[in-house]
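Coordinate analysis (summary)
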Amino acid sequence: MNGFTPTDQADQASASAQLSIRNVTKVFPGKTGLVNKLTGKTSRDFVAIEDISLEIEPNTFVTIIGPSGCGKSTLLGMIAGLMPVTMGQILLNGQPIVGPGPDRGMVFQNYALMPWMTVEENIRFAIETVTPKMSPKRCDRIIKEHIQLVGLSGAERKHPHELSGGMRQRVGIARALAINPQILLMDEPFGALDALTRGFLQDEIERIWEQQRKTVIMITHSIEEALLLSDRIVMMTRGPAARVDEILEVPFPRPRNRETIDQHPAYHDLKAEMESHLFRETRAVEAARIG
Ligand SMILES: Nc1ncnc2c1ncn2[C@@H]1O[C@H](COP(=O)(O)OP(=O)(O)OP(=O)(O)O)[C@@H](O)[C@H]1O
């Protein structure tokens, strides 16, 4: 087996970790309002994830994979500081995360661009929010560099509705990187794209990652995408009370090429292991729904 368990990892919790997720549990409180009490429909607390520990080293590309609804977005949301942890701690460079910050850039599946702003203005808005005192000249240079980085030169003055889904997500990626975050968080960034565009953007992410080597934490449902891009793959169990089941190390050399990656001797074993994990967990979710 090419992986190790989260317990092994917690034992090895090292000072070199950039992000430390320590015994994190997330409970969504049940509804206890007066109306609910009167109608007798008070719902119970829901334990989405339970006691997750994970250490992430700098410059690592990590993907999170798991059955639908297991808590991947919840975990990413807590790392982003968009929602509080219920128990445990998430530390970035040893400091607890208490809210969103410019050290973390987020890319969303639905792009989340400002529709009334151009490509350039969307990126400028993010930079000015994070660094209001930056000189306009420097801001212009950063915008230009990032538009070039994601291959959108010429589209600076277009609005999101004039762009394809793939181009919109390029803007989302440029915007997230333009604030120079330490960690890039991506929640199914290619989930809304057709297969061809998805492939193009995966290649772009691989190319950009080779240049910048930022820590990335990405949620995906695609086994092939995880194998193409990751250094480590975190496999979550089904919820409620989802845990980290196993963490796979992906040994393929970089730069990676989608045409040849499956020739690596470890490719098919890793793929089979992920398939069997997802199959098992998804079947159990379905069985629980029926029974
Ligand atoms: N605000 C909330 N209040 C109550 N329950 C929530 C809330 N947000 C998420 N949940 C529940 O927590 C669980 C985990 O949801 P989450 O969206 O994190 O899963 P996911 O793995 O990202 O799902 P998917 O793969 O379908 O995107 C689900 O059962 C969901 O219904």
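Just so we're clear, the structure is a prediction, and the values are computed from it rather than from any experiment.

1. With respect to the sheet that holds strand 5 (residues 87–92)
Sheet architecture is open: four strands sit in the order 3-2-5-6, paired in antiparallel fashion. Single-partner strands in this sheet number two, and they are strand 3 (46–56) and strand 6 (95–96). Contacts from helix 3 (residues 72–80) reach strand 2 (19–28), strand 3 and strand 5, with the element oriented near 120° to strand 2.

2. With respect to empty space enclosed by the protein
Regions of empty space are outlined by a rolling probe, equal in size to a water molecule, passed over the atoms. Applying the stated rule across the entire model yields one cavity of 30 Å³ or more. A volume near 70 Å³ is recorded for the largest cavity. Looking at the largest cavity, the residues that line it are Phe-61, Ile-173, Leu-177, Leu-184, Ile-205, Ile-208, Trp-209, Gln-212, Lys-214 and Val-216. Counting residues per element, the ones that place at least two in the lining of the largest cavity are helix 6 (165–178) and helix 7 (195–212). Among the elements that make up the lining of the largest cavity, the one with the highest residue count is helix 7 (four residues).

3. Quick look at the pairing of strand 7 (residues 104–107)
Side chains Arg-104 and Met-106 project from strand 7 onto one buried face, and the interleaved Gly-105 and Val-107 project onto a second face that is buried too. Here strand 7 runs beside strand 8 (residues 183–187); their pairing, made up of four bridges, is parallel. Residue pairing in the sheet places Gly-105 in a bridge with Leu-184 of strand 8.

4. A look at the nonpolar core
Judged by nonpolar contacts, the single largest core of 50 residues is most densely connected at Ile-123, Ile-233 and Met-274. The element best represented in this core is helix 6, accounting for six residues. Looking at which domains feed residues into this core, each of domain 1 (60–103 + 182–290) and domain 2 (112–180) gives three or more. Aside from chain neighbours lying at most four places away, what touches Met-274 is Ile-65, Ile-223, Ala-226, Leu-227, Ile-233, Met-235 and Leu-248. Grouped together as the second largest cluster of nonpolar side chains are 28 residues, Ile-21, Ile-79, Met-236 and Ile-247 included.

Rules used throughout
Residues numbered from 1 in each chain as written. Predicted model: local features only at pLDDT ≥ 70, side-chain atom pairs only at ≥ 80, totals over all residues. Heavy atoms only, no water. Pairing = 2+ DSSP bridges. Helix = DSSP H or I, 4+ residues; strand = E, 2+ residues; numbered from the N terminus. Contact = heavy atoms within 4.5 Å. Axes fitted to C-alpha atoms, helices over the stretch in contact; angles between N-to-C directions. 1 Å grid on protein atoms, 1.4 Å probe; cavity = no way out; pocket = protein on both sides within 12 Å on 5 of 7 lines; lining within 4 Å. Points joined across faces, edges and corners; volume = space filled by probe spheres on them. Buried < 20%, exposed > 50% of the residue type's maximum accessible area, 1.4 Å probe, protein only. Core = buried A, V, L, I, M, F, W, Y, C linked by side-chain atoms within 4.5 Å. Domains from an automatic or database assignment.

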